[in-house]
Amino acid sequence: MAEDINRDPLAGTGALWEALLALLPRTKEELKLDLSEKVERSVVMLLQEATELFYGGRRSECLQTSEAVLDYSWEKLNTGPWQDVDKDWRRVYAFGCLLKAACLCEASEDATTVAAALKICDMGLLMGAAILGDILIKVAAILQTHLLSRKRPAQGPTQEQPSTKKARNEHVSIPDMKSERTVPRLHCPSLQYFRKHFLVPERPVILEGVADHWPCMKKWSLEYIQEVAGCRTVPVEVGSRYTDEEWSQTLMTVNEFISKYIVDELQVLLVAGCGTPPQRSLMSGAMSAPRIRTLGRCSGARELNHSATEPAPSFHILNSKGSGWLPLPETRVAENVDCASPFL
């Protein structure tokens, strides 16, 4: 009986819970909300109640209360233009996401529950604002690592390494042009030569082999992207161009995006006899392979052109029918991404 009385209400049994607990403030007094008067007093009190329930060890009640906070703040986020949404309402939403995700992980550490908690964190990153030193980024990183540790086989000396990507050997017809107007090709020229003969005189040139040493040239594939980011939720533009009537925006995981807009599309092309995928598009008649690029900014979900304050780095996944932005966890980079990054 004495042990139950003295038991820490934040105590847990799982390694995941302990890792999350290390990120959270130790007391409810340390979890400062600091919300302005623009947030209704009743909502502030509800959020304070959820915090007290969490630190009091009543996680089931905290889960219900945090869901009420999320429901109400979600309505505020989706009322009127995105640029008119007050930042404090986005912070309320982020606090609700943090509490709900933590409550879920304390109750269970199975893959389904952790994936649901990770999706909640992603929603907080996309729709909310930074709180407690970008704690949602750190929580999402821990949850993603937990999921990957259960899926990824142990590395061994005999494990096959990823194969190097090979350029297409398909014959491409080259138009007949006068030699003096042909853009020259150079293989890994020195910086001095490139500057003197092309950069300063502003002459066009095609550089070959300059990116062969980048890790992404060996590692990147749909399977790799699914492995490191498949469980993350991203905003996606659906449609070939903004002016189309059917153009829209939605939220889905990277796995769902790849399955619906890349894999399924390729299967349709094969059934239709359109040749080796990906060669052609059902919508535009010409499709390139899905492009993946790293950026230093992550756009908001309501308007992808709206940059959030202190956004996380992101993957941008794009094909002819949709594109998605994915915040990367626990990493801050400059606009010029270091090509030695492990995500590359």
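Cut-offs applied
- Residues numbered from 1 in each chain as written.
- Predicted model: local features only at pLDDT ≥ 70, side-chain atom pairs only at ≥ 80, totals over all residues.
- Heavy atoms only, no water.
- Helix = DSSP H or I, 4+ residues; strand = E, 2+ residues; numbered from the N terminus.
- Buried < 20%, exposed > 50% of the residue type's maximum accessible area, 1.4 Å probe, protein only.
- Contact = heavy atoms within 4.5 Å.
- Areas by Shrake-Rupley, 256 points an atom, 1.4 Å probe, with all protein chains shown as cover.
- Phe/Tyr/Trp six-rings, centres within 6.5 Å; stacked < 30°, edge-to-face > 60°.
- pLDDT = per-residue confidence, 0-100.
- Expected span 1.5 Å × (residues − 1).
- Polar contact = N/O pair within 3.5 Å; in protein donor to acceptor, adjacent residues only side chain to side chain.
- Salt bridge = Lys/Arg side-chain N within 4 Å of Asp/Glu carboxyl O.
- Axes fitted to C-alpha atoms, helices over the stretch in contact; angles between N-to-C directions.
- Parallel < 35°, antiparallel > 145°, perpendicular 65-115°, else oblique.
- Left-handed = near helix turned anticlockwise from the far one by under 90°.
- Nonpolar A, V, L, I, M, F, W, Y, C, P; charged D, E, K, R; others polar.

Here we look at the overall build of the protein chain
Counting its secondary structure elements, the protein chain contains eleven helices and seven strands. A buried classification covers 40% of the 344 residues belonging to the protein chain. When contacts within the protein chain are restricted to residue pairs at least 6 apart in sequence, long-range pairs at least 24 apart make up 61% of them. Of the roughly 20,100 Å² that the protein chain leaves accessible, carbon and sulfur atoms contribute 53%.

A few points about the packing of aromatic side chains
Counted according to the given criterion, the structure contains seven aromatic pairs. Ring geometry for F194 versus F198: centroids 6.4 Å apart, planes at 25 degrees, classification stacked. A residue pair is termed a helical-turn pair when its members lie 3 or 4 positions apart in one helix, as F194 and F198 do in helix α8 (residues 191–199) at four residues. Judged by relative accessible area, which is 23%, F194 ranks as partly exposed. With a centroid separation of 5.7 Å and an interplanar angle of 40 degrees, the aromatic rings of F257 and Y261 are classed as tilted.

Some words on the confidence of the model for the protein chain
Residues with a pLDDT of 70 or more make up 65% of the protein chain, whose mean pLDDT is 74. This model gives residues 153–168 a pLDDT under 50, and the stretch forms twelve contacts once residues within four places in sequence are excluded.

Description of unusual backbone geometry
A positive phi angle, close to 50 degrees, is found at C188, a residue other than glycine. Mapped onto the elements of the fold, C188 is located in the loop between β1 (185–187) and α8. A relative accessible area of 39% places C188 in the partly exposed class. Positioned with a positive phi, E202 is a non-glycine residue whose angle comes to about 60 degrees. Positionally, E202 belongs in the loop between α8 and β2 (206–208).

Observations concerning helix α5 (residues 87–107)
Each α-helix winds once per 3.6 residues, and so residues spaced three or four apart point in a common direction. If you check α5, its first and last C-alpha atoms are 31 Å apart, about what 21 residues at 1.5 Å a residue would give, namely 30 Å. Counting buried positions along α5 yields 18 of 21 residues, so the element is predominantly enclosed. A side-chain oxygen of the first residue of α5 lies 2.9 Å from the backbone nitrogen of D88; this N-cap is D86.

Regarding the pattern of salt bridges
Where charged atoms from two side chains of opposite charge come close, those side chains can pair. In the structure shown here, the tally under the stated rule is nine salt bridges. Across the pair D86 and K38 runs a salt bridge whose closest N-O atoms are separated by 3.2 Å. A residue pair is termed long-range when its members are at least 10 positions apart, and D86 in the loop between α4 (59–77) and α5 and K38 in the loop between α2 (15–23) and α3 (41–55) qualify at 48 residues.

Considerations on the packing of α2 against α5
For the pair α2 and α5, the least separation of the axes is 8 Å and the interaxial angle reads 150 degrees. When the interaxial angle is binned, α2 and α5 end up roughly antiparallel. Crossing geometry of α2 relative to α5 is assigned as left-handed. On α5, the residues touching L16, W17 and L20 of α2 are A102, C105 and E106. Of the residues belonging to the contact of α2 with α5, the class tally is five nonpolar, no polar and one charged.

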